[in-house]
Each structure stands twice: as C-alpha cells, then as structure tokens.
Amino acid sequence: PSEDVLAKATTEVNLADIPPGGEHTVAWQGKPVFIVHRTPEQIKNAEASNGAIEPEPDSKRVKRPEWLVVVGVCTHLGCVPNRDPDGGWTCPCHGSMYDASGRVVRGPAPRNLDVPVYSFEGDGKLIIGKA
Ligand code: FES
C-alpha cells in the first residue's frame, strides 16, 4: 500500500485530552471509534457482568481497564449509538443498548460493538489500526 493509504489506515489519539469519565469519538477508516476513559466505578460494573446477548468478559475487550476502544457503529443496521450517562450507549434507530464495555444488552442488535485493532505508545498515545 502507498504511504497515504497507510496513513489513513491508522488514527492517533492523544490520551491526555480525555479526562476520566470522558469519551472522544475519532474517525478511523471512515468509521467512528469511541474512546472512553472509564472511571473505577465503570470498570467495576463492566467487570461484574459478561453482557447479555453475546456474552464476553470485559477483560477480553480491553487492553487496559481504564480505556475502552470500540467501533461506534450499531451492529443492527449501522447507526451511531448515543452515549448514556451510565457509561453505555443507546442506538437512536431501534433502541439497542450497549453497556460500559460496548456489549449489547438489549436488541435488536445481535452483536457487541466491534473492538478495532489498536495499541498504546507509552501512557500518552493510542494508535488505532496498529496492533
Ligand atoms: Fe441500532 Fe437498529 S441500527 S438498533
């Protein structure tokens, strides 16, 4: 692939811009990606459950518990879910709900939000699209 294609294949995020409890949405390969700086309480809640419709432990969905990184595209028909005050999301299209781990807890969405390939560079930088 050419250099400009490779450049678009990754998105860099400065983690210092996202305070605990905050979320940033960035574009990666034409899709929104939600980056959430989870609070200790949100981590505790996410770890206490395995989700519902597609059970999966939180530990399989994050590399560092304080950072959740998920593709912000509803797995039903592709709308962008809205953030809820409790740390999850609700899809405006047909009401699917996702928890603070991005796992679907109410349909019609059939699957959890996708976790993109990503890596950390030190404590300050996240690179989406690079393993
Ligand atoms: Fe999200 Fe239908 S697209 S619930």
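(A) Local environment of the pattern of salt bridges. One pass over the full model with this rule turns up 9 salt bridges. For Glu-23, the salt bridge goes to Arg-83, with nearest N and O atoms at 3.1 Å. Placement of Glu-23 in strand 2 (residues 23–28) and of Arg-83 in strand 5 (residues 82–83) is noted, with a sequence separation of 60 residues between them. The partner of Arg-103 in a salt bridge is Asp-99, and the shortest N-O contact between them spans 2.9 Å. Pair check on accessibility: Arg-103 and Asp-99 agree, each one buried. The network of salt bridges with common partners includes Glu-12, Glu-121, Lys-125 and Lys-130.

(B) Inspection of the nonpolar core at higher detail. By size, the foremost hydrophobic cluster in this structure holds 13 residues, and its most contacted members are Val-13, Leu-15, Val-33, Ile-35, Leu-126 and Ile-128. Beyond its immediate chain neighbours, meaning those up to four positions away, Leu-126 contacts Thr-11, Glu-12, Val-13, Leu-15, Ile-35, Val-69, Tyr-118, Ser-119 and Phe-120. Judged by nonpolar contacts, the second largest core, of 12 residues, contains Trp-89, Tyr-98, Val-104 and Ala-109.

(C) Summary view of the sheet that holds strand 1 (residues 11–14). Read from one edge to the other, the open sheet built from 3 strands follows the order 1-10-9, with strand pairing classed as antiparallel. Here the strands that pair on one side only, and so sit at the sheet edges, are strand 1 and strand 9 (118–121). The sheet shows a mean angle of 20 degrees between the axes of neighbouring strands, direction not considered. Pairing geometry for strand 1 and strand 10 (residues 125–128), over 4 bridges, is antiparallel.

(D) Examining the pairing of strand 2 more closely. With 6 bridges joining them, strand 2 and strand 3 (residues 31–37) adopt antiparallel strand pairing. Considered in strand 3, the bridge of His-24 is made with Ile-35.

Here is what the cut-offs are and how they apply
- Residues numbered from 1 in each chain as written.
- Predicted model: local features only at pLDDT ≥ 70, side-chain atom pairs only at ≥ 80, totals over all residues.
- Heavy atoms only, no water.
- Salt bridge = Lys/Arg side-chain N within 4 Å of Asp/Glu carboxyl O.
- Helix = DSSP H or I, 4+ residues; strand = E, 2+ residues; numbered from the N terminus.
- Buried < 20%, exposed > 50% of the residue type's maximum accessible area, 1.4 Å probe, protein only.
- Core = buried A, V, L, I, M, F, W, Y, C linked by side-chain atoms within 4.5 Å.
- Contact = heavy atoms within 4.5 Å.
- Pairing = 2+ DSSP bridges.
- Axes fitted to C-alpha atoms, helices over the stretch in contact; angles between N-to-C directions.

Nothing here speaks to function; it is all geometry.
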